[in-house]
Amino acid sequence: MFVQLLYMSVTAGWLVLVILLLRLVLRRAPRWIFCLMWAMVAVRLVCPVFLESPYSLAPDFRAVSEEALYMEMPADQAEGVGDIAEHPAPPDTAVLPGAGAERGPAWTAAAAPVWAAGCAAMLLYALFSTLRLRRRLATATLLRENIKESDRIDTPFVLGLFRPVIYLPYGLAGADLGYVIAHERAHLRRGDHWWKWIGFLLLSVHWFNPLLWLAYGLLCRDLEAACDARVVRAMDREGRRGYAAALLRCSVRRRSAAACLLGFGEMGVKQRVKAVMADAESPRGIGAAAMMACALVALCFLTDPLPSRTFPMAGDAVTDLSPEYVVSQIARIEKVEDAAALYITDDQFEVVLTPDFRWVDDPALRFFYDRGEKTRGAQLRMFCEEQEYFVTKSGVWQLAGQRFPLEQYLEALRYLPQAEIRRLSPEADQYIVLVAAGDAPAAAARTITYTARGAGPVEEPYLHLMIAPLHEKGGAYHGAGDEVIDVFYGV
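Residues numbered from 1 in each chain as written. Predicted model: local features only at pLDDT ≥ 70, side-chain atom pairs only at ≥ 80, totals over all residues. Heavy atoms only, no water.

What follows covers the pattern of salt bridges. One pass over the full model with this rule turns up 13 salt bridges. As a salt-bridge pair, Arg 241 and Glu 238 come within 2.8 Å of each other at their nearest N and O atoms. Taken together, the positions of Arg 241 and Glu 238, both in helix α9 (residues 237-249) and three residues apart, correspond to about one turn of that helix. Classification of Arg 241 as partly exposed rests on a relative accessible area of 41%. With its nearest N and O atoms 2.5 Å apart, the salt bridge here joins Asp 316 to Arg 358. In this pair, Asp 316 is assigned in the loop between β8 (310-312) and α12 (323-334) and Arg 358 in the loop between β10 (351-353) and β11 (364-371), connecting sequence segments 42 residues apart. What makes Arg 358 partly exposed here is its relative accessible area of 29%. One connected set of salt bridges, linked through shared partners, spans Arg 23, Arg 31 and Asp 222. (Salt bridge = Lys/Arg side-chain N within 4 Å of Asp/Glu carboxyl O. Helix = DSSP H or I, 4+ residues; strand = E, 2+ residues; numbered from the N terminus. Buried < 20%, exposed > 50% of the residue type's maximum accessible area, 1.4 Å probe, protein only.)

Rendered as structure tokens:
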């Protein structure tokens, strides 16, 4: 959950940067449009999944999120793995955790409690500051309806969610009183008291992201500016001048306040006065341009990119395979809910290996999965030079033959008993690996049974591979049928 939260926060941070750029380009645009854009940031911070679109510009962390679940195999588990020790995986190899290994990157164990403590501190601050303010307002007197006056506050504000109350400092009279009440009532009609609390709650969860602190401050400014614009929309020049004067008189510095107040003279007063005294109408076309920008932002950042069909390899040897990691990435790309539902058949492509069991000629593995009443198939391509896996686009297949789980097939390749195979064919220049029907192992000189710990007896053999040694002659590779080695991978 914590890793997913980080990715949601980073994706929302990209959207914040885009909005900051648009604020510079569309300085004269109506502020309510930017309030709508900040709402898009909130959606990004709340929703973990979005529709996919080829137009999405949001960063794609889904592959990283899956890979982050894997760790290097601890040293005590690597002992006794048999022939794998001859070609150990490089230090940065993503290896599936063995029994007893802790899942998840180690840094989250320290970071998650710090994050939780920060969330708690933010929420406690909001709670205690609100309770302290309510205690100060205990002596407030009712002016009319939901409006109260207090001699212990310096500036007007709205407090409360379900039954919001407008609090005014004593001494407001005449035109200032009318302007202030009109402003605070506009806040309530717009629901700004709810939006500000929602923004603060999201900031409390994502407190570690500095871009979201900046976004929250700008949201507060835009809420006030949008509310000003709504109040002065029908005012003449003299009315605007009076409203601006009321802003200046109410813009004193507050000694303390709750976290999520909506104050008349709360922040950005200088810019708000300039906006109030500006012409009522924005430049021609600026509103339409801002709306188009808002729609483009939604299209590009409230959608997820189409899943990348590539993911990184860890090396070019069979021992570098991480079966659980590979099948989880294929399941992500193909949107298969259960990675165990991926399988191969005994009609698998041949795999060619070097004498030290490294891939030859960028091999391909054909896999399948069932979706509804149809079977779909695709290929897993291995590009060794680029150190990259690639999953081809899937299509509908008509299958026949025996099925084997893809993950078990990859395990059978990873744990091939290399020393035993070389002992039986010491002069081989290459090996071809084929999948055979699931026959029972026979007691023959060129038959090997093995598990993840190396050659040895197995209780339940479930995958039969045939290893055909090849010898180079005249620039070509040739094999003989009597040299085939039958290997049975089991438990």
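It is worth spelling out unusual backbone geometry at this point. Peptide bonds are mostly trans, and most non-glycine residues show a negative phi. With a phi close to 45°, Glu 145 is a non-glycine residue in the positive phi region. Structurally, the position occupied by Glu 145 is in the loop between β2 (141-144) and β3 (147-150). Residues other than glycine seldom take positive phi values, yet Phe 357 does so here, at roughly 65°. The topology assignment puts Phe 357 in the loop between β10 and β11. Looking at Phe 357, the relative accessible area reads 1%, which means it is buried.

It is worth spelling out a negative patch on the surface at this point. On the surface, a cluster of negative charge is made up of Asp 361, Asp 362, Glu 385, Glu 386 and Glu 388. Position of Asp 362 relative to the elements: it lies in the loop between β10 and β11. (Patch = residues over 30% accessible without salt bridge, like charges linked within 9 Å, V, L, I, M, F, W, Y side chains within 5 Å. Areas by Shrake-Rupley, 256 points an atom, 1.4 Å probe, with all protein chains shown as cover. Lys, Arg positive; Asp, Glu negative; His and termini not counted. Charge placed at Lys NZ, Arg CZ, Asp CG, Glu CD.)

A few words now on α9. Here α9 contains 13 residues, and its C-alpha end-to-end distance of 19 Å stays within 8% of the 18 Å for a straight helix at 1.5 Å per residue. The set of residues buried in α9 consists of Gly 239, Arg 240, Gly 242, Tyr 243, Ala 244, Ala 246 and Leu 247. As for α9, its buried residues are in contact with α6 (174-190), α8 (210-232) and α10 (269-277). N-capping of α9 is provided by Asp 236, with a side-chain oxygen placed 3.3 Å from the backbone N of Glu 238. (Expected span 1.5 Å × (residues − 1). Contact = heavy atoms within 4.5 Å. Polar contact = N/O pair within 3.5 Å; in protein donor to acceptor, adjacent residues only side chain to side chain.)

With that settled, consider the environment of Leu 177. Mapping Leu 177 onto the fold places it in helix α6. Residue classification places Leu 177 among the buried positions, given a relative accessible area of 17%. Residues Leu 177 and Ala 246, spaced 69 residues apart in sequence, show a C-alpha to C-alpha distance of 8.5 Å. Discounting chain neighbours no more than four positions away, the residues touching Leu 177 are Leu 168 and Leu 172.

Now for the packing of aromatic side chains. Per the stated rule, a full pass over the model turns up 16 aromatic pairs. The interplanar angle of 45° and the centroid separation of 5.8 Å between the aromatic rings of Phe 2 and Trp 115 together place this pair among those described as tilted. With Phe 2 in helix α1 (residues 2-25) and Trp 115 in helix α5 (residues 107-136), the pair connects residues that are 113 residues apart, well separated along the chain. According to the relative accessible area criterion, Phe 2 is buried, its value standing at 11%. Judged by its relative accessible area of 16%, Trp 115 is buried. Arranged with centres 5.8 Å apart and planes meeting at 75°, the rings of Tyr 179 and Tyr 243 form a pair that is edge-to-face. Of this pair, Tyr 179 sits in helix α6 while Tyr 243 sits in helix α9, and the two are 64 residues apart along the sequence. For Tyr 243, a relative accessible area of 0% gives the class buried. An aromatic cluster of at least three residues, connected via ring pairs, comprises Tyr 415, Tyr 450, Tyr 462 and Tyr 489. (Phe/Tyr/Trp six-rings, centres within 6.5 Å; stacked < 30°, edge-to-face > 60°.)

By themselves, these figures tell us nothing about what the structure is for.
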